[in-house]
Amino acid sequence: MKKTLNILLVIILFFLIGMTYGIKRDYLSRNSQILPGMVTSVPYNAQDENENFADGKTLQYRKEGQISRELMPLHYQATPEDAKRAGEELFNPVSDTVEGNLERGQAVFTTFCQPCHGTGGLGDGTVVKKGFPAPPSLLAENARKIKDGQMFHIVTYGQGNMPSLASQVSRLDRWKTILYISEVQKKTLTTAK
Ligand code: HEC
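Here the structure is a predicted model, which means the values were calculated and not measured.

1. Here we look at the site of the ligand
Thinking step 1. What surrounds the ligand is a group of 22 residues, the closest being C113, C116, H117, Q159 and M162.
Thinking step 2. Take H117: an N or O atom from its side chain is 2.7 Å from a nitrogen atom of the ligand.
Thinking step 3. Of the residues assigned to the shell around the ligand, the class counts are 17 nonpolar, 5 polar and no charged.

2. Here's the deal with the nonpolar core
Thinking step 1. Residues L90, F109, F152, W175, I178 and I181 are the most contacted members of the largest nonpolar core, which totals 14 residues.
Thinking step 2. Elements that contribute at least two residues to this core include exactly α3 (101–117), α6 (148–157) and α7 (171–187).
Thinking step 3. When residues of this core are assigned to their parent elements, the largest contribution, 5 residues, is made by α7.
Thinking step 4. With residues near it in sequence (within four places) discarded, F152 still touches L74, L90, R171, R174, W175 and I178.

3. A word on the side chain of Q185
Thinking step 1. Tracing the backbone shows Q185 in helix α7.
Thinking step 2. Within the structure, the side chain of Q185 is placed 2.7 Å from the backbone oxygen of L138, a separation counted as a polar contact.
Thinking step 3. Discounting residues that sit within four places of it in the chain, Q185 has contacts with L138, L139, A143, R144 and M151.

4. What to know about the coordination of the iron atom of the ligand
For a metal bound by four donors in tetrahedral geometry, the ideal donor-metal-donor angle is 109.5 degrees, whereas six donors in octahedral geometry ideally sit at 90 or 180 degrees.
Thinking step 1. For the iron atom of the ligand, the full set of protein donor atoms is H117 (NE2) and M162 (SD), at a range of 2.0 to 2.1 Å.
Thinking step 2. With 6 donor atoms in place around the iron atom of the ligand and angles of 86 to 179 degrees between them, the coordination shape is octahedral. Remark: M162 occurs in the loop between α6 and α7 and H117 occurs in helix α3; sequence separation between them is 45 residues.

5. Things to note about the packing of aromatic side chains
Thinking step 1. Counted according to the given criterion, the structure contains 2 aromatic pairs.
Thinking step 2. Geometrically, the ring pair formed by F152 and W175 is stacked, given 4.3 Å between the ring centres and 5 degrees between the ring planes. On the criterion of sequence distance, the pair formed by F152 in helix α6 and W175 in helix α7 is long-range, its members being 23 residues apart.
Thinking step 3. Assessed through its relative accessible area of 2%, F152 is described here as buried.
Thinking step 4. Of the residues examined, W175 reaches a relative accessible area of 7% and is grouped as buried.

Cut-off values and rules
Residues numbered from 1 in each chain as written. Predicted model: local features only at pLDDT ≥ 70, side-chain atom pairs only at ≥ 80, totals over all residues. Heavy atoms only, no water. Near = heavy atom within 4 Å. Polar contact = N/O pair within 3.5 Å; in protein donor to acceptor, adjacent residues only side chain to side chain. Nonpolar A, V, L, I, M, F, W, Y, C, P; charged D, E, K, R; others polar. Core = buried A, V, L, I, M, F, W, Y, C linked by side-chain atoms within 4.5 Å. Buried < 20%, exposed > 50% of the residue type's maximum accessible area, 1.4 Å probe, protein only. Helix = DSSP H or I, 4+ residues; strand = E, 2+ residues; numbered from the N terminus. Contact = heavy atoms within 4.5 Å. Donors = N, O, S within 2.8 Å, 3.2 Å for Na, K, Ca; no water. Tetrahedral: all angles 85-135°; square planar, octahedral: opposite > 155°, others 65-115°. Phe/Tyr/Trp six-rings, centres within 6.5 Å; stacked < 30°, edge-to-face > 60°.

By themselves these figures say nothing about function.
Here is the structure:
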């Protein structure tokens, strides 16, 4: 019994050694995939061929005059004149009557503006305490006169030492922040100088 088992094992051993040499593996090709599931994506990849379109490409050129949703082109330059012009032409599309707008504006302010402008917008944020040039108070007379559109321009294009925040804060969020700032300005109208 033991002998037969040993012979069987030797046969299996040689069979396996034979297999190793016999099957010529192509090391450049992938191993076989068991349950490939999500390995191959079902949707078209951007660079894939695509028979659904006349030009056979997945990624399509945009048509002339076509614009992305909610990304109307802004016809402004980063200049003080254009900031003033934006103040005349652009109006805040969000209102405090819709629930959540002010809260969102406050959240964005806390995250993106407060480090420089300070909790109450007085220009005493953490970054300023570490030596960054202090912005003027957002509650001051001058800041109160800034129209919503101009403020949108300032946040979008920057002004003086303030960088543009366009890449961090979406347009809608910028408007909501402006809504929040005007609310704070209104609330403190009587107290702040
Ligand atoms: C890196 C610091 C920094 C951040 C972040 C920042 N600001 Fe400013 N901000 C400044 C400075 C500095 C000025 C003064 C610019 C100048 O020299 O005219 C300023 C000016 C302004 C002004 C004009 C004030 C005035 O009286 O002229 C407004 C409005 C304003 N910021 C809004 C915002 C809002 C809204 C955010 C957040 C979305 C923000 N800022 C984020 C630094 C910052």
